[in-house]
Amino acid sequence: MASHSPRAQRHSSKTIGMQGVPIDWQTNIERWTLVLRTADRAEGTIKTRTGHIAQLARWLRRKPLTGVTAEDVIEFTGSHEWSRAYRRSMYVSLRQFFRWAHGCAVVDVDPALNLPTIQPSKRQRQPASEDAVWAAWSKASARELLMLSLAIGYGLRRSEVAQAHRDHVLRDLAGWILLVKGKGGKERLVPIEDHLAAALLRAGDETGWIFPGDIDGHLSPRWVGTLVSRLLPGAFTMHSLRTRFAVVTHNQTRNIRVVQELLGHASVTTTQIY
């Protein structure tokens, strides 16, 4: 009989993520994972970073970690047609992993040392239109209405919506607030309206997750994004609702710093793209 304990689930996830990865790579990826956890990196960030390194290991077809060269890394990164955002994320993973491996004397030379710097895209993001928002409202289920409310009214990312929990719905002297678990483990407090707080506190199951599912007890960010994007016409996605929130909030406040704080951006430069 299969075990459903958290430990068993973590082991299963790790095994699946490391399929096809040579044992020497697995051992060092697991060592690096402990370092990332010690640095209090979010589990989602750890999964992304280790997944990138596993992808490189599989691509190298059983070449040992100790034998990886700068040419291998350049050939790996140059042979894929990734989006700019994915490429930037991959480069961060490669730099961090091999910096750690070199510092621990796992490799003699850091093969990712000379990876080029990829600048963020300056392309302006397209906000969802008013018609698109009304179209989504009109056909959403009760659960999807909550997802839409968090994205449209408060600019939450799909990962932040997925991780919403009743314990994160708090009240202070000024009213209701939502503790949002952002990218990289960063947290922020977002003021919410009374009716949304009441709806969030009624939602979910006995675990407290507002959108319960199979990923650590809640829905996966990917599935949340899929559900919301299906409600939107044309090419609009859940992220276009976040962009709409940024535009509307800036038009109302004329204060980009306020928008930055509400979106949870580490840099105002990122906010300016919106």
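The structure we're discussing is the one just above.
Residues numbered from 1 in each chain as written. Predicted model: local features only at pLDDT ≥ 70, side-chain atom pairs only at ≥ 80, totals over all residues. Heavy atoms only, no water.

As for the overall build of the protein chain
Stage number 1. Helix and strand counts for the protein chain stand at 13 helices and four strands.
Stage number 2. Seen through its principal axes, the protein chain has C-alpha atoms that stretch 60 × 50 × 40 Å.
Stage number 3. Looking at the protein chain residue by residue over its 274 residues, the buried ones come to 41%.
Stage number 4. Taking the intrachain contacts of the protein chain between residues at least 6 apart in sequence as the baseline, contacts between residues at least 24 apart amount to 60%.
Stage number 5. Summed over all atoms, the accessible surface of the protein chain reaches about 15700 Å², with 53% contributed by carbon and sulfur.
Stage number 6. Separation between the mean location of the 37 positive side-chain charges and that of the 24 negative ones in the protein chain comes to 4 Å. (Helix = DSSP H or I, 4+ residues; strand = E, 2+ residues; numbered from the N terminus. Buried < 20%, exposed > 50% of the residue type's maximum accessible area, 1.4 Å probe, protein only. Contact = heavy atoms within 4.5 Å. Areas by Shrake-Rupley, 256 points an atom, 1.4 Å probe, with all protein chains shown as cover. Lys, Arg positive; Asp, Glu negative; His and termini not counted. Charge placed at Lys NZ, Arg CZ, Asp CG, Glu CD.)

What about the pattern of salt bridges?
Stage number 1. For the coordinates displayed, the defined rule picks out six salt bridges.
Stage number 2. For K63, the salt bridge goes to D72, with nearest N and O atoms at 2.6 Å.
Stage number 3. K63 sits in the partly exposed class, given a relative accessible area of 27%.
Stage number 4. Put simply, R157 and E160 hold a salt bridge, and the shortest N to O gap is 2.4 Å. We note that R157, like E160, is buried.
Stage number 5. Connected through salt bridges with shared partners, the residues R157, E160 and R188 form a single ionic network. (Salt bridge = Lys/Arg side-chain N within 4 Å of Asp/Glu carboxyl O.)

Thoughts on the sheet that holds strand β3 (residues 187-191)
Stage number 1. Strand order across the open sheet formed by three strands is β1-β2-β3, with antiparallel pairing between neighbours. Either end of the sheet is taken by a strand with one partner, and the two such strands are β1 (169-172) and β3. Within the sheet, the average angular offset between the axes of one strand and its neighbour, ignoring direction, is 35°.
Stage number 2. One ladder, built from five bridges, connects strand β2 (residues 175-181) with β3; its direction is antiparallel. In the strand pairing of β3, K181 is matched with E187. (Pairing = 2+ DSSP bridges. Axes fitted to C-alpha atoms, helices over the stretch in contact; angles between N-to-C directions.)

Observations regarding the nonpolar core
Stage number 1. Core analysis: the biggest nonpolar cluster contains 36 residues, and L200, F211 and L241 have the highest contact counts within it.
Stage number 2. Sorting the residues of this core by element identifies α6 (130-139), α7 (142-154), α8 (158-162), β2, α9 (194-202), α10 (221-231) and α11 (238-253) as the ones contributing at least two each.
Stage number 3. At seven residues, the largest contribution of residues to this core is made by α7.
Stage number 4. Each residue touching F211, except ones within four places of it in the same chain, is listed here: R143, L146, M147, L150, V161, A162, A164, H218 and L219.
Stage number 5. In this structure, A57, L60, V68 and L115 belong to the second largest nonpolar core, which totals 28 residues. (Core = buried A, V, L, I, M, F, W, Y, C linked by side-chain atoms within 4.5 Å.)

Looking at the pairing of β2
Stage number 1. Burial within β2 is extensive, with five of its seven residues counted as buried.
Stage number 2. Turn length for the β1-β2 hairpin, with the two strands adjacent in sequence and antiparallel, is two residues.

Thoughts on the pairing of β1
Two faces, one strand: in a regular strand the side chains alternate between the faces of the sheet.
Stage number 1. For β1 and β2, the ladder comprises four bridges, and the chain directions are antiparallel. Bridging from a neighbouring strand, V169 pairs with L178 of β2.

As for the packing of α7 against α10
Stage number 1. Two elements in contact, α7 and α10, have axes whose closest approach is 10 Å; the angle formed by their N-to-C orientations is 95°. With respect to each other, α7 and α10 are oriented roughly perpendicular. Along the contact surface, α7 presents R143, E144, M147 and L148, while α10 presents W223, V224, L227, V228 and L231.
Stage number 2. Residues of the contact of α7 with α10, tallied by class, amount to seven nonpolar, no polar and two charged. (Parallel < 35°, antiparallel > 145°, perpendicular 65-115°, else oblique. Nonpolar A, V, L, I, M, F, W, Y, C, P; charged D, E, K, R; others polar.)

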